[in-house]
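Understanding the architecture of this molecule
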Amino acid sequence: MKNKNAKKNRTIYYSDELNDDFGEVGLKRPPVPKKYHYLRRFHVLGWVMYYLIAKPILGTYCFFSGVKVKNRRVLKTLRKTGYFIYSNHVSILDAYKFPSYAVATKRVNIIGYSDTLSIKGLGPIAKAVGYLPIPNDFENFKKFKTAISALINKKEVILIYPEAHIWPYYTKIRSFKPVSFSYPAELNKPILPAVTIWRGKKDKKPKQTIVYGQPIYPRMDLSVIENKAYLHEQCLLQMKEIANKYQQVEYIKYVKKT
């Protein structure tokens, strides 16, 4: 879907770093159905849809869109475990660039809002390719957490965008809440920071480069609550260091309202 903000606005004014959303595509966020099955059931159609259709087609699109990946070798150090990737949220492409292109050997599952469920007929497809809609009731939340645990124990990847909202072409890292770091803290699994940076020439639409940081492991000497805070702090620190390390193209200027 096209993003009007990204094409027409050279300057975007924001007031709330945590809650402003400039990537709206006009979709509603319906409640997750009571009988929603978060645990993916294996069947041939789902396997074909993920590995033979979605992954190669979307991966090819990412390649020809100019997406590059730096420090991909770090993924080899995590091949024997499930883990969580935390990335900044700067493009509609975020929905599929990791599962189809940036992570080659593991299945990637994405935690996101329930927008996709509002598109008729897309729900089963989204589930087959690893979409985990954020629940809004206690019963679904229990199933949601059970699914996350099961997928991590299968040595799969959970992708989280802690900034929550899309800011197209943004070149910095926004502050984000620690709530999503409870999952790796409780499961005692590593996290991997990843940052999308923007490269190219001034006044031309820039290309994306995904830069992986270094894995961060929960500390054995900390409690779950303390590890939640520790992982959040260290992840935010690494992401800011990566974003500041590269000279990026500012295709859209973001200015805070006074």
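Scroll up to find the structure this text is about.
Scope of this entry: the structure provided in the associated data block. Note that this is a predicted model, so its numbers are computed, not measured.

Along the backbone of the protein chain there are seven helices and nine strands. Against the 2.2 N^0.38 benchmark of 18 Å for 258 residues, the protein chain shows a C-alpha radius of gyration of 18 Å, consistent with a compact globule. Principal axes of the C-alpha set define a box for the protein chain whose edges measure 45 × 45 × 35 Å. The buried share among the 258 residues of the protein chain stands at 49%. Contacts in the protein chain between residues at least 24 apart in sequence constitute 77% of all its contacts with a sequence separation of at least 6. Carbon and sulfur atoms form 58% of the exposed surface of the protein chain, whose accessible area is close to 14,000 Å². Taking the average place of the 46 positive charges on the side chains of the protein chain and the average place of its 18 negative ones, the gap between the two points comes to 10 Å.

Along the chain, E226 falls in helix α7 (residues 224–245). Its relative accessible area of 43% is what places E226 among the partly exposed residues. When the C-alpha atoms of E226 and L117 are compared, they prove to be 35 Å apart, with 109 residues separating the residues in sequence. Among the polar contacts made by the side chain of E226, one reaches the main-chain amide nitrogen of S223 at a distance of 2.9 Å.

What follows deals with α7. With 22 residues, α7 should cover 32 Å at 1.5 Å per step; its first-to-last C-alpha distance of 31 Å lies within 8% of that length. For α7, the set of buried residues is N227, L231, H232, C235, L236, Q238, M239, I242 and A243. For α7, the angular spread of buried residues about the axis comes to 165°, placing them on one side. More than 90 degrees from the buried face of α7, the exposed residues found are I225, E233, N244 and K245.

This part takes up the nonpolar core. Formed by 30 residues in total, the largest nonpolar core has its most connected members in F84, I111, L132, I148, I158 and I191. For this core, the secondary structure elements donating two or more residues are β3 (83–87), α5 (138–153), β6 (157–160), α6 (182–187), β7 (191–199) and α7. In terms of residues, this core owes the most to one element, α7, which gives six residues. Other than its neighbours up to four places away in sequence, L132 contacts Y38, N109, I110, I111, G112, F144, I148, L151 and I158. Of all hydrophobic cores here, the second largest spans 23 residues; its members include V67, L75, Y101 and I110.

Reading across the sheet, the seven strands line up as β2-β8-β7-β3-β6-β4-β5 and stay open at both edges, with mixed pairing between neighbours. Bordering the open sheet on either side are β2 (68–70) and β5 (131–133), each of which pairs with just one other strand. The average angle at which neighbouring strand axes cross in this sheet is 25°, direction not considered. As defined by bridge partners, strand β4 (residues 108–112) adjoins β5 across three bridges and the pair is classed as parallel. Across the sheet, I111 pairs through a bridge with L132, a residue of β5. Sheet strands touched by α7: β3, β7 and β8 (207–212). Its angle to β7, the strand with the most contacts, is close to 25°.

Another aspect to go through is a positive patch on the surface. A contiguous patch of positive charge, built from K76, R79, K80 and K155, is present on the exposed surface. Tracing the backbone through its elements, the reader meets R79 in the loop between β2 and β3.

This brings us to the pattern of salt bridges. The final tally for this structure, using the stated rule, is seven salt bridges. Between D94 and K97 there is a salt bridge; the shortest N-O distance is 2.6 Å. The exposure classification of D94 matches that of K97, with both residues buried. Of the charged contacts, one joins K154 and E156 as a salt bridge, the two residues approaching to 3.6 Å between their closest N and O atoms. The exposure class of K154 is exposed, given its relative accessible area of 52%.

With that out of the way, let us pick up unusual backbone geometry. The residue A164 is not glycine, and still its phi comes out positive at about 75°. Structurally, the position occupied by A164 is in the loop between β6 and α6. Here N188, not a glycine, exhibits a phi torsion of approximately 55°, which is positive. Among the secondary structure elements, N188 is positioned in the loop between α6 and β7. By relative accessible area, N188 is classed as partly exposed at 43%.

What counts and what doesn't
Residues numbered from 1 in each chain as written. Predicted model: local features only at pLDDT ≥ 70, side-chain atom pairs only at ≥ 80, totals over all residues. Heavy atoms only, no water. Helix = DSSP H or I, 4+ residues; strand = E, 2+ residues; numbered from the N terminus. Rg over C-alpha atoms; globule rule 2.2 N^0.38 Å. Buried < 20%, exposed > 50% of the residue type's maximum accessible area, 1.4 Å probe, protein only. Contact = heavy atoms within 4.5 Å. Areas by Shrake-Rupley, 256 points an atom, 1.4 Å probe, with all protein chains shown as cover. Lys, Arg positive; Asp, Glu negative; His and termini not counted. Charge placed at Lys NZ, Arg CZ, Asp CG, Glu CD. Polar contact = N/O pair within 3.5 Å; in protein donor to acceptor, adjacent residues only side chain to side chain. Expected span 1.5 Å × (residues − 1). Arc of directions from axis to C-beta. Core = buried A, V, L, I, M, F, W, Y, C linked by side-chain atoms within 4.5 Å. Pairing = 2+ DSSP bridges. Axes fitted to C-alpha atoms, helices over the stretch in contact; angles between N-to-C directions. Patch = residues over 30% accessible without salt bridge, like charges linked within 9 Å, V, L, I, M, F, W, Y side chains within 5 Å. Salt bridge = Lys/Arg side-chain N within 4 Å of Asp/Glu carboxyl O.

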